[in-house]
Amino acid sequence: ATPTSIMVGTGKGAESGILIKGAEHLEHAHKLTTIVLDKTGTITKGQPEVTDIVTLAGLAETELVRLAISAEKNSEHPLAQAIVAYGQQQGIALSDPESFTAIPGRGIEVTIEGQRILVGTRKLMKENGIEYEIAVATIEQLELQGKTVMLLAVENQLSGLLAVADTVKESSAQAVAELQKMGIEVWMMTGDNTRTAQSIAQVVGITNVMAEVLPEHKAAKVEALKQEGKVVGMVGDGINDAPALAIADVGFAIGTGTDVAIEAADITLIRGELTGLVAAIRLSKATMRNIK
Ligand code: ADP
Ligand code: MG
């Protein structure tokens with residue numbers, strides 16, 4: 001490999017918003033057989049908005065929203081920010097929780113006015129012995145629309161549902177199609193539930209979906225694909241994605257994502273679009289062709 005062509009390639013990348021940390025990454029990117037894409041913030045914009053509020057157990061809607069925004073005010077999760085923003089729009093005042101615990105990949109546990117409140121996934125409810133059977137049909141119906149549904153329990157009783165929707169980035173479907181045309185196998189990986197994940201995957205043309213993957217298992221999923229002999233590129237934006245980005249053959253960070261993801265990655269897509277990923281792989285192919 002001539003250092004000159006690598007330098008030219010790296011320079012061309014920088015001009016098109018592709019920041020390559022080292023020559024070896026440009027040399028590896030053309031070998032990728034498989035790309036794993038995080039969902040939230042990578043395929044989608046990562047700016048979810050509340051779409052539906054469902055009250056259960058006789059709770060008034062404003063009270064449900066008040067508990068939800070109070071519970072979520074200390075969470076950095078994009079879903080939490082969506083809920084808090086919704087409460088502000090409605091002009092609902094929040095209270096300060098007495099305690100707050102984040103449970104990664106599942107939700108949160110807080111104490112508000114002496115009441116124990118849980119907000120999160122069905123798994124979180126199940127682990128705490130909270131019945132949610134009555135809401136399953138409603139939850140599944142919302143998920144089929146690509147929405148993420150969070151369950152809220154007060155003192156071990158399911159009291160409401162909050163659904164949010166995130167928008168797919170305009171260029172995501174085109175980028176997926178171009179990767180597939182290049183013969184690259186494309187996967188979606190997310191902590192979100194299977195139905196929501198499938199719905200978003202369908203919009204962008206992805207058929208391989210790994211859903212309900214806990215943050216601590218994302219890297220192992222990438223490693224498993226590598227063990228099958230695949231050369232794996234991972235694309236992500238979140239703190240949760242950092243270990244998977246590091247373990248992938250080539251890790252790509254979304255430039256608008258968290259610093260932790262950018263640090264763990266080999267290549268940063270400054271413009272935050274998946275078309276940048278396609279351009280990076282093309283650049284790698286062109287660079288390696290010049291070398292040979
Ligand atoms: P992602 O792969 O989209 O980054 P996470 O692993 O962070 O997802 O979270 C998985 C799921 O856990 C979310 O879809 C949501 O249902 C639930 N969850 C995580 N954090 C919160 C929170 N702060 N409040 C409510 N639910 C949450
Ligand atoms: Mg993400």
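Here the structure is shown first, and the text comes after it.
Described in the following lines is the structure provided in the data block. No experiment lies behind these values; they were computed from the predicted model shown.

1. Overview of the pairing of strand β4 (residues 99-103)
As defined by bridge partners, β4 adjoins strand β5 (residues 107-112) across five bridges and the pair is classed as antiparallel. By the bridge assignment, Ser99 is partnered in β5 with Thr111. The antiparallel pairing of β4 with β5 creates a hairpin that spans three residues between the two strands, and Gly105 there sits at a positive phi of about 80 degrees.

2. Digging into helix α7 (residues 136-144)
For α7, the set of buried residues is Val136, Ile139, Leu142 and Glu143. Relative to the axis of α7, the buried residues are bounded by an arc of 130 degrees and lie together on one face. Along α7, exposed side chains directed more than 90 degrees from the buried face belong to Ala137, Gln141 and Leu144. Next to the buried residues of α7 lie β3 (49-55), α6 (122-127), β7 (148-154), β8 (157-165) and α9 (194-204). The positive-phi residue at the C-terminal boundary of α7 is Gly146, with phi of around 80 degrees.

3. Overview of the sheet that holds strand β1 (residues 18-20)
Taken together, seven strands build an open sheet; the order of strands is β1-β13-β12-β11-β2-β9-β10 and the sheet is mixed. This sheet does not close on itself; its edge strands, each paired only once, are β1 and β10 (208-210). Within this sheet the neighbouring strands show an average axis-to-axis angle of 20 degrees, counted without direction. When β1 meets strand β13 (residues 267-269), the two strands line up antiparallel, connected through three bridges. Each bridged residue has a counterpart across the sheet, and for Ile18 the counterpart in β13 is Leu269.

4. Some words on the side chain of Ser95
Mapped onto the elements, Ser95 comes out in the loop between α5 (78-89) and β4. At 2.6 Å, the side chain of Ser95 and the side chain of Arg66 are in polar contact. Contacts of Ser95, omitting those with residues within four sequence positions, involve Arg66, Ser70, Lys73, Ile112 and Glu113.

Parameters at a glance
Residues numbered from 1 in each chain as written. Chains lettered and ligands numbered in written order. Predicted model: local features only at pLDDT ≥ 70, side-chain atom pairs only at ≥ 80, totals over all residues. Heavy atoms only, no water. Pairing = 2+ DSSP bridges. Helix = DSSP H or I, 4+ residues; strand = E, 2+ residues; numbered from the N terminus. Buried < 20%, exposed > 50% of the residue type's maximum accessible area, 1.4 Å probe, protein only. Arc of directions from axis to C-beta. Contact = heavy atoms within 4.5 Å. Axes fitted to C-alpha atoms, helices over the stretch in contact; angles between N-to-C directions. Polar contact = N/O pair within 3.5 Å; in protein donor to acceptor, adjacent residues only side chain to side chain.

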